[in-house]
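Architecture and fold: a report
The primary structure of each chain is shown beneath.
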Amino acid sequence: MAGFTATEWVAASPEAVFTVMHDVNHFPEVLASVVRAEKITPGPVGLGTRFLETRRINGREASAEIAVTTF
């Protein structure tokens, strides 16, 4: 499985960022290219949680399964 790390500096406290980013419903609001996202594993967000994320890139939609590897 391919992997990557993305880093973004945000002018907010870690607690405020965590509150927004652990809720999949906020992804399209805070990640510019995200069209939709859904959590595909049961239970609360944590280590091992998987999301199906769809982004619009160069006018086309592409979906990828994202896994939480650090929490």
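For the structure, see preceding data.
Here's what I pulled together on the structure shown here. What you see is a predicted model, and the numbers here were worked out from it, not measured in a lab.

Among the structural elements, Thr-54 can be located in strand S2 (residues 50–57). The exposure class assigned to Thr-54 is buried, which follows from its relative accessible area of 4%. Here the side chain of Thr-54 touches Ser-63 through a polar contact of 2.7 Å, side chain to side chain. Filtering out sequence-adjacent residues up to four positions away, Thr-54 remains in contact with Ser-33, Val-34, Val-35, Arg-36, Glu-61, Ala-62 and Ser-63.

You can see Val-30 is positioned in helix H2 (residues 27–30). Note: C-alpha distance between Val-30 and Val-20 (ten residues apart in sequence) is 8.5 Å.

Unusually for a residue other than glycine, Asn-58 sits at a positive phi of about 50°. Here Asn-58 shows up in the loop between S2 and strand S3 (60–67). Note on Asn-58: relative accessible area 77%, which makes it exposed.

Right, let's talk about the pairing of S3 for a bit. Here S2 runs beside S3; their pairing, made up of eight bridges, is antiparallel. Looking across to S3, one finds that Ile-57 is bridged to Arg-60.

With that settled, the discussion passes to the packing of aromatic side chains. Under the defined criterion, the tally for this structure stands at two aromatic pairs. Residues Phe-27 and Phe-51 carry aromatic rings whose centres are separated by 5.3 Å and whose planes lie at 50° to one another, so their mutual orientation is tilted. Of this pair, Phe-27 sits in helix H2 while Phe-51 sits in strand S2; the two residues are 24 residues apart in sequence, bridging distant segments of the chain. Note on Phe-51: relative accessible area 5%, which makes it buried.

Moving on, we get to the sheet that holds S2. The strand order across the open sheet built from three strands is S1-S2-S3, with neighbouring strands paired in antiparallel fashion. Strands with a single pairing partner mark the edges of an open sheet, and in this sheet they are strand S1 (34–39) and S3. Adjacent strand axes in the sheet meet at a mean angle of 15°, parallel and antiparallel pairs treated alike.

Rules and cut-offs
Residues numbered from 1 in each chain as written. Predicted model: local features only at pLDDT ≥ 70, side-chain atom pairs only at ≥ 80, totals over all residues. Heavy atoms only, no water. Helix = DSSP H or I, 4+ residues; strand = E, 2+ residues; numbered from the N terminus. Buried < 20%, exposed > 50% of the residue type's maximum accessible area, 1.4 Å probe, protein only. Polar contact = N/O pair within 3.5 Å; in protein donor to acceptor, adjacent residues only side chain to side chain. Contact = heavy atoms within 4.5 Å. Pairing = 2+ DSSP bridges. Phe/Tyr/Trp six-rings, centres within 6.5 Å; stacked < 30°, edge-to-face > 60°. Axes fitted to C-alpha atoms, helices over the stretch in contact; angles between N-to-C directions.

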